[in-house]
Structure formats: structure tokens, C-alpha cells
Amino acid sequence: MRALVVREVGGTPRVEEVEPPPLGPGRVRVNVRAAGVCHSDLSMVNGTLTPPYPLVLGHEAAGVVAEVGDGVRRVAPGDHVVLNWAPPCRECWHCGHGEPWLCDRSGGPATPGGRTSSGEPLHVTLGLGAHAEQVVVPEPAVIPVPADLPFEAAALLGCAVLTGVGAVRRTTGVAPGDSVAVIGLGGVGLSAVSAARAAGADPVIAVDVSPAKADLARAAGATDFLLGDESLSRAIRGLTGGRGVDHALECVGRSATIRAAWRAARRGGQVIVVGMGSKDDVVGLSALDIFHSARTLRSSVYGSSDPDRDVPELARAVLDGTLDLAPLISDRVTLDDAPAAFDRVARGEGARTVVLF
Ligand code: APR
Ligand code: ZN
């Protein structure tokens, strides 16, 4: 099969002919039909995260079940599925306490990837490696969805949409009339903007360093667009009666933007870190500021969502027209053109690129 592989930190992703992973009991082989290029994929390439290499990229995808191993009950060949990069074990403490997104054993034992043409074992991004014609994943990593859901929409449900929408609805709990700021308008941030608007938030202030994101922000439902520069917290105060927003969502994954979100929130407000940053990027906050501002700082892992419950719910919303993912998809490419999409993500261009197979 063909797969997008990166060989070392800082390496260039290249399409390679590789040996597909073996099936095995409890596993499902999926023919990938659509896969998004998420910032976390770039983070696997540019050193923000340090996975083992050689690595098959991709973790936001949907496809059709090709083959199932012994004991698989959840799906059968021909079923359409969304892939879950954090399948919960349903047995650990967090799973038992209604927090499957924090599963202690998420993903279980590492699924073997395929092999390179020279026989080297391949690792797979977040247990999936979905920038490839096929993946083999544990049964809990496939979520059946209706066959009339377009694959490109289904793919985005697996990461950006579940994360961005979940961050608003589940982690933050936005109520009608709340003020919200979303910093970073990629697939995750734009999903958060549309969910905040749908929840009745007003204003919904969208922030990015790229002025080209203004139109995408408005299409997603933002009431205001601001440039993420030095004047940001003053501009946000100007839109919120001098106070700052009730909820500031950071969708970049950097200390600088976490600090910007911190300053954007009002006293007593919430700061939600949605972006996944580097272990070496330290956020400095003064002890007095933490005390005096009385803000809550929390993170949103996978949108505090249970993908088995929430992906089918989001799929229904797409099909009945209440969730429009069209503004999120800026580019559709073949696998051969996926490397260029990584450059676009690095430059902060466009919304989501979807690789179609
Ligand atoms: N201030 C405001 N916006 C910024 C800043 C900044 N200082 N720096 C970058 N951005 C913007 C970029 O211009 C881009 O529009 O953040 C956006 C990030 O978008 P993507 O790269 O498409 O990221 P996305 O896939 O949405 O993921 C966002 O969530 O899942 C995690 O690892 C992922 O940390 C990443 C975050
Ligand atoms: Zn992702």
C-alpha cells in the first residue's frame, strides 16, 4: 500500500510503497477514504512531539471496513467507520468514572504498523497512521457511522470537530449569552467557533495571527475577528464591557497563546487549553495573578468527549443539516499532494486539507 512516512525529526514526509500491517485477532482493517491534515501531524514532524520513527502520519480519518480479525463484533466488512485515536479500555478508573478521554490505557498495546520496503517496522501516529491506503486498528478504534455521511465530513469528526465542539459543549459548558474568545483558527478553533455560536454565545471573538482567517472565522459564525498581537487583551476588553471574556479557548498549543488566553478571560472566567503543545514550552503566570484573577485554567483532551457516543451524534447533526462542516474544508488533495498540505499547516494557511483516497 502507499503511505505518507516521515523518517526522522525534522524530516520531509514522503509517500512510500510499504507493506500493510497484519490483521490479527480483535483488529479491524480499514480502507481509508478520507484523512485530514491536523496540526498534531505536523507536530510529529517538526519536533513539537517526539514519536518513534519511521512513522506513518495521519490520525483524523474515515473509511470502509475491509476485513475483521477473530472476535470482532462491532463492525463487519463494508461498514463505514470513523477512526478514534484514543479508544478507551472501559475498565480503568477514568473510564469507570465517566472520563473515557482520560483512559489510563488508551489505545491498549501498540498496534503494529506495516513495514517499509526494506522490512523496517513502521510506527503509526496516535495508534492509527491514517495517511495511508489502509490501517489496522483495535476494534474499539472504529466507530460505525451511516453510509450516507460523506467521508470527508466523517474524517473531520474523528479529531478537529470532536475536539473543537467538545471543548465548547463538554469541557467549557458555554451558555447562551456567554462571551467566548477562540485563539487559533485551524480545524479545531473554527469548530469551536461554530459550536460557541450554536450554543448562543455572544460575542464569539475569533483570534488568529493570520488576517486571511477573518473570512473563515465569519463563515464559522464569529461575531468579531481580532489579530493575535500585542493589543489583543485590550481589544477583547473593548468588546466585553472592559472585563474580558467568560471563556477563552486556546486552540494553538503554545505558551504564548495560553498566556494570551489567560489575559483575555475576565476575573473568575475560564481558560481552556485545547491545543497540544511541547513538554519544553513552559507557561509563566505570577502567583499573585493566579490568586487575584480567580480564573480557572483547564485543558480539554479530545474535547472531553466519549467518541462512541459523540461521533454518531455529530454524524446525525451533519446529516440533518444542523452542523455544517463545509467552511472547515479548504483543500481536497490526493496522497501525493499531502506533503504540501503540511507546509500550509506550518504557515497557518487555509482551514483543513482533506486527503481523499
Ligand atoms: N495567535 C493566534 N493564532 C495563532 C498564533 C498566535 N500566536 N500562532 C498560530 N496561530 C494560528 C495559526 O495561524 C492557525 O490558523 O493557529 C491556527 C492553528 O491551526 P492549525 O495549524 O490548523 O491547527 P489545528 O489542526 O486546528 O490544531 C490546533 O490543537 O489538536 C491540537 O495539536 C493541535 O495544538 C494543535 C491545536
Ligand atoms: Zn488531530
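The following refers to the structure shown.

About the thresholds
- Residues numbered from 1 in each chain as written.
- Chains lettered and ligands numbered in written order.
- Predicted model: local features only at pLDDT ≥ 70, side-chain atom pairs only at ≥ 80, totals over all residues.
- Heavy atoms only, no water.
- Helix = DSSP H or I, 4+ residues; strand = E, 2+ residues; numbered from the N terminus.
- Pairing = 2+ DSSP bridges.
- Axes fitted to C-alpha atoms, helices over the stretch in contact; angles between N-to-C directions.
- Contact = heavy atoms within 4.5 Å.
- Polar contact = N/O pair within 3.5 Å; in protein donor to acceptor, adjacent residues only side chain to side chain.
- Donors = N, O, S within 2.8 Å, 3.2 Å for Na, K, Ca; no water.
- Buried < 20%, exposed > 50% of the residue type's maximum accessible area, 1.4 Å probe, protein only.
- Near = heavy atom within 4 Å.
- Areas by Shrake-Rupley, 256 points an atom, 1.4 Å probe, with all protein chains shown as cover.
- Nonpolar A, V, L, I, M, F, W, Y, C, P; charged D, E, K, R; others polar.
- Core = buried A, V, L, I, M, F, W, Y, C linked by side-chain atoms within 4.5 Å.

Take the environment of L325 next. Along the chain, L325 falls in the loop between α10 (307-319) and β16 (329-333). Taking the C-alpha atoms as reference, L325 lies 17 Å from R169; in sequence the two are 156 residues apart.

In space, the six strands of this open sheet follow the order β12-β11-β10-β13-β14-β15, with parallel pairing throughout. What marks the edges here is a single partner per strand, and that holds for β12 (224-227) and β15 (296-299). Pairwise comparison of adjacent strand axes, ignoring direction, gives a mean angle of 20° for this sheet. Here strand β10 (residues 180-183) runs beside strand β13 (residues 245-250); their pairing, made up of four bridges, is parallel. Within β13, the residue paired with I183 across the bridge is E250.

For the rest of this paragraph, the subject is the sheet that holds strand β1 (residues 2-6). Pairing within the open sheet is mixed, and its four strands lie in the order β2-β1-β4-β7. Each edge of the open sheet carries a strand with a single partner, namely β2 (14-17) and β7 (123-124).

Tracing the backbone shows E17 in strand β2. For the pair E17 and F151, spaced 134 residues apart in the sequence, the C-alpha separation amounts to 24 Å. Apart from residues no more than four positions distant in its own chain, E17 is found in contact with M1, R2 and S117. At 3.3 Å, the side chain of E17 forms a polar contact with the backbone nitrogen of M1.

Put simply, a metal with four donors set out as a tetrahedron has ideal angles of 109.5 degrees, and one with six donors set out as an octahedron has ideal angles of 90 or 180 degrees. Around the zinc ion (ligand 2), the protein contributes the donor atoms C38 (SG), H59 (NE2) and C159 (SG), at 2.0 to 2.3 Å from the metal centre. Here the donor residues of the zinc ion (ligand 2) share one chain and are spaced in sequence as C-x20-H-x99-C. Note that H59 is positioned in the loop between β4 (55-56) and β5 (61-68) and C159 in the loop between α3 (151-157) and α4 (160-172), a separation of 100 residues in sequence. We note that H59, like C159, is buried.

Moving on to the site of ligand 1. In the neighbourhood of ligand 1, 22 residues make up the surrounding shell, with H39, S40, D208, V252 and R352 lying closest. Contact between ligand 1 and H39: an oxygen atom at 2.4 Å from a side-chain N or O atom of the residue. One nitrogen or oxygen atom from the side chain of S40 is found 2.7 Å from an oxygen atom belonging to ligand 1. In the complex, the protein chains occlude 90% of the 740 Å² of accessible area that ligand 1 would expose alone. Broken down by secondary-structure element, the contributors of at least two residues to the shell around ligand 1 are α1 (39-46) and α5 (187-198). Each residue belonging to the shell around ligand 1 can be placed in one class, and the counts come to nine nonpolar, nine polar and four charged.

Moving on to the nonpolar core. L83, L157, V161 and L249 are the most contacted members of the largest nonpolar core, which totals 74 residues. The residues touching V161, leaving out its near neighbours within four places in the chain, are L156, G166, S191, L314, L323, L325 and L328. Within the second largest apolar cluster, 17 residues are counted, among which are L4, M44, L57 and V333.

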